[in-house]
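# Residue-level structure breakdown
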Amino acid sequence: AAALYTELVREGCIEATIALGNMYLYGEGVEANTEKALELLRQAAVAGNSMAAFNLGALHRSGDCRVPVDLAESRRYFLMARKLGCPLQVDDFLR
């Protein structure tokens, strides 16, 4: 699956970018690589995916999956998610 997602990422598929990022984040089908995972999720967020932005905010807030806790980064991504129209209650995480 990683090879197929990698090709789709090259073609600009945001869903594949998120899926491959999650594979690296959790080490599913590939060796876990937090930096690569964050890079892919950032790419999806910058491309306008509100859920990728939300997930980056949550990861930087919680420190899950070996992501360093960074409350300023967390807030930045939650604000981005809200701006992009995230369907989740982003404001709950900005208090």
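Now for a look at the structure at hand.

The rules behind the values
- Residues numbered from 1 in each chain as written.
- Predicted model: local features only at pLDDT ≥ 70, side-chain atom pairs only at ≥ 80, totals over all residues.
- Heavy atoms only, no water.
- Phe/Tyr/Trp six-rings, centres within 6.5 Å; stacked < 30°, edge-to-face > 60°.
- Helix = DSSP H or I, 4+ residues; strand = E, 2+ residues; numbered from the N terminus.
- Buried < 20%, exposed > 50% of the residue type's maximum accessible area, 1.4 Å probe, protein only.
- Lys NZ or Arg CZ within 6 Å of the ring centre and 35° of its normal.

Moving on, we get to the packing of aromatic side chains. In this structure the tally under the stated criterion is three aromatic pairs. Judged by centre distance (5.3 Å) and plane angle (65°), the ring pair of Phe-54 and Phe-78 falls under edge-to-face. You can see Phe-54 sitting in helix H4 (residues 50-62) and its partner Phe-78 sitting in helix H5 (residues 71-83), a full 24 residues away along the chain. The class of Phe-78 is buried, set by a relative accessible area of 0%. Taking the centre distance of 5.0 Å and the plane angle of 20° together, the rings of Phe-78 and Phe-93 count as stacked. Placement of Phe-78 in helix H5 and of Phe-93 in the segment after H5 is noted, with a sequence separation of 15 residues between them. On the accessibility criterion, Phe-93 (35% relative accessible area) is partly exposed. Within the aromatic cluster, the residues linked to one another by ring pairs are Phe-54, Phe-78 and Phe-93. Looking at Arg-76, its charged tip hangs above the ring of Tyr-77, at a distance of 4.5 Å from the centre.

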